[in-house]
Amino acid sequence: MSTNNQNASNTGVHPDGVSQASPTSTKQRKKKKAEPAGSTSTWVITLFGTAVGAGILFLPINAGSFGFIPLLFATIIAFPLVYYSHRTYARIVSGAPEKDHGKDVLELCTQYLGRRGGVAIAILYWISVFSTVLIYGVSITNAVDSFIVHQMGGPSINRWVLATLCVGLMTAGFAFGRKPMLWLAQMLVYPLIGFLAITSIYLIPRWDISSFLEFEYGDGGFLSVVKGVLLILPVMVFAFSHMAALSQLSVDMQPAYGKNTEKRVSKIEFYTAILLVVFTMVFVWSCVLALGADGMREAREQNIPVLSYFANVTGTPIMAAIAPMVVVCAIVSSYFGHLLGSEEGTEYLFKTVAPKTAERIPRRNLLIGIYVFAFVTTTLVAVFNPSIVTLASLVAGVFVVFMVYLLPVYMFRNLDVYKHFRKDKANYFVLGLGVVIMLITIWDLF
């Protein structure tokens, strides 16, 4: 996510896929020369970077704690889960009529579904983005605490103090130096990807395949396996999500490809899904086979990213020194991206719901209010330290699933402008999978 979502700061695109919904901005986009800002390869890397951020650090903890069979199932279903869902979501913009080219996903939803429907969808979108901000506030606090205690040998700092410092520094860094901070976040994705790839290879000698294959499912037997398979899905949605960049991808391709935009965007998404699934699942399998299901459970109980856990238990000086820094970089970059998404989403909602009031309030004052709200709420959540995996499952299993799996199929079925997508059989797969994931997420809460 990356922003959930999950992490558009890594890409230089708007993390929430929201442009300022003014007539002027729309006309300006329509006047762009018929040349996309990014090539196919550039956009593949952009989408890849949006998904591969801090979210991937929590996927092994969830996916590996249920044993071999659920993880094997997750690997098999990963590509169709990623490709078909994101292709379907991208079609809201890439498959829109040419007369509406240049409009982002929220503008189109407002236009086609009405002002109330557009506002409702924008609120759900904002919740999905801001909830991810909260997740990374908890993550940074726990990662720094783990580093101080295990790598530096110091005492655990009072959580109120630590959370205030960690969240405060990130929020202040973004508020007072947004452009350099986002540039830094964009640069951090490349060493992050490299280190995760190196980690996957480095852990191979530590693999203990036999113990993982002998995982005990308890008295539940087959039902425990099925439960494990289902509970993996929401966190997979969170870890693989790159919906934040798809709206801007489609807008970028429209001037050059016109009515063929959907085919070009689908092609880019196909390459992205292959790269994501191969890279991520190799990392997940390597982590799980190195530590086993018991190790993954222990990492989950400690509520820390998998690399922080490795740094604590491997006893390798290089891992102990580098892993915490990589974790912090991944979390910070994700926090920046989703805070930007929250900022832009809030502005969009404010200007849509109360346009006259929005005109009277200076933008600087509005932004200060957003930063204060983000700092206070994120610090409070970090202090109470809820389960990161549970939060990620809730955000992805309800809000991201609604936006990516359910909303597009609803629009295709009920709006004539999208009638050319109605007969695509992939819609049934996306809808069915989305319903299952949402029901499982809600059921798991109780």
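Residues numbered from 1 in each chain as written. Predicted model: local features only at pLDDT ≥ 70, side-chain atom pairs only at ≥ 80, totals over all residues. Heavy atoms only, no water.

Draft legend 1. Geometry of the overall build of the protein. Helix and strand content of the protein: 17 helices and zero strands. Of the accessible surface of the protein, which amounts to about 18400 Å², a share of 67% is contributed by carbon and sulfur atoms. (Helix = DSSP H or I, 4+ residues; strand = E, 2+ residues; numbered from the N terminus. Areas by Shrake-Rupley, 256 points an atom, 1.4 Å probe, with all protein chains shown as cover.)

Draft legend 2. Region of the structure containing the pattern of salt bridges. Per the counting criterion, the structure on display carries eight salt bridges. Note that D100 and K103 form a salt bridge whose closest N and O atoms lie 3.5 Å from each other. By relative accessible area, which is 3% here, D100 ends up buried. Judged by its relative accessible area of 17%, K103 is buried. (Salt bridge = Lys/Arg side-chain N within 4 Å of Asp/Glu carboxyl O. Buried < 20%, exposed > 50% of the residue type's maximum accessible area, 1.4 Å probe, protein only.)

Draft legend 3. Looking closely at unusual backbone geometry. Of note in this structure, N303 is not a glycine but carries a positive phi near 60°. Along the polypeptide, N303 turns up in the loop between helix 11 (261-302) and helix 12 (306-313). Residue classification places N303 among the buried positions, given a relative accessible area of 9%. You will see that N385, though not glycine, has its phi angle at about 55°, which is positive. By the secondary structure assignment, N385 is in the loop between helix 15 (363-384) and helix 16 (388-414).

Draft legend 4. A look at helix 10 (residues 243-257). Counted at 1.5 Å a residue, the expected span for helix 10 with its 15 residues is 21 Å, and the 21 Å between its end C-alpha atoms agrees. Turning to helix 10, its buried residues are M243, A244, A245, L246, S247, Q248, L249, S250, V251, D252, M253 and Q254. The positive-phi residue at the C-terminal boundary of helix 10 is G258, with phi of around 55°. (Expected span 1.5 Å × (residues − 1).)

Draft legend 5. Representation of the packing of helix 4 (residues 68-94) against helix 5 (residues 105-151) within the structure. Orientation of helix 4 relative to helix 5, taken along the N-to-C sense of each, is 135°, at an axis distance of 13 Å. As judged from the angle between their axes, helix 4 and helix 5 are oblique. Judged by the twist between their axes, the crossing of helix 4 over helix 5 is left-handed. Taken together, the residues of helix 5 that come into contact with helix 4 (itself represented by Y89, I92 and V93) are V105, L108 and Y125. Counted by class, the contact of helix 4 with helix 5 contains six nonpolar, no polar and no charged residues. (Axes fitted to C-alpha atoms, helices over the stretch in contact; angles between N-to-C directions. Parallel < 35°, antiparallel > 145°, perpendicular 65-115°, else oblique. Left-handed = near helix turned anticlockwise from the far one by under 90°. Contact = heavy atoms within 4.5 Å. Nonpolar A, V, L, I, M, F, W, Y, C, P; charged D, E, K, R; others polar.)

Draft legend 6. The nonpolar core, seen in detail. With 134 residues, the main nonpolar core has Y89, L196, M236, L307, Y405 and Y418 as its most contacted residues. Broken down by element, this core gets its largest block of residues, 19 residues, from helix 5. Here L307 is in contact with L57, F195, L196, T199, F283, A323, V326 and V327, once residues within four sequence places are set aside. (Core = buried A, V, L, I, M, F, W, Y, C linked by side-chain atoms within 4.5 Å.)

Draft legend 7. Quick look at the packing of aromatic side chains. Taken as a whole, this structure holds 15 aromatic pairs when the rule is applied. Geometrically, the ring pair formed by W126 and F130 is stacked, given 5.0 Å between the ring centres and 5° between the ring planes. Note that W126 and F130 are positioned in helix 5 at a spacing of four residues, about one turn of the helix. W126 sits in the partly exposed class, given a relative accessible area of 22%. On the basis of relative accessibility, which here comes to 7%, the residue F130 falls in the buried class. Taken together, F79, Y83, Y84, F270, Y271 and F429 form an aromatic cluster joined through their ring pairs. (Phe/Tyr/Trp six-rings, centres within 6.5 Å; stacked < 30°, edge-to-face > 60°.)

Draft legend 8. Local environment of helix 15. The end-to-end C-alpha distance of helix 15, which contains 22 residues, comes to 32 Å, matching closely the 32 Å that a straight helix rising 1.5 Å per residue would cover. Where helix 15 is concerned, the buried positions are L366, L367, I370, Y371, A374, T377, T378, T379, A382 and V383. Contacts from the buried residues of helix 15 go to helix 5, helix 6 (159-176) and helix 13 (317-353). Of the residues flanking the end of helix 15, it is N385, one or two places downstream, whose phi is positive at about 55°.

Draft legend 9. Representation of the confidence of the model for the protein. On average, the protein scores 83 in pLDDT, and the residues at 70 or more come to 88%. When pLDDT is averaged over each helix and strand of the protein, the minimum, 45, is found for helix 1 (residues 23-30) and the maximum, 94, for helix 17 (residues 426-445). Note on residues 1-32: pLDDT under 50 across the span, and 124 contacts to partners over four residues away in sequence or across chains. (pLDDT = per-residue confidence, 0-100.)

Draft legend 10. Molecular detail of the environment of T199. Following the sequence through the fold, T199 ends up in helix 7 (residues 178-202). Using a relative accessible area of 2% as the deciding quantity, one classes T199 as buried. For the pair T199 and F283, spaced 84 residues apart in the sequence, the C-alpha separation amounts to 7.6 Å. The contact partners of T199, leaving out residues within four places of it in the chain, are F283, S286, L307 and M319.

Draft legend 11. How the structure looks around the layout of surface pockets. Of the voids in this model, the largest pocket is the one considered here, and its volume is about 270 Å³. Together, T171, A172, A175, F176, R178, R364, L367, I368, Y371, V372 and F375 line the largest pocket. Among the secondary structure elements, those contributing two or more residues to the lining of the largest pocket are helix 6 and helix 15. Residue composition of the lining of the largest pocket, grouped by class: eight nonpolar, one polar and two charged. (1 Å grid on protein atoms, 1.4 Å probe; cavity = no way out; pocket = protein on both sides within 12 Å on 5 of 7 lines; lining within 4 Å. Points joined across faces, edges and corners; volume = space filled by probe spheres on them.)

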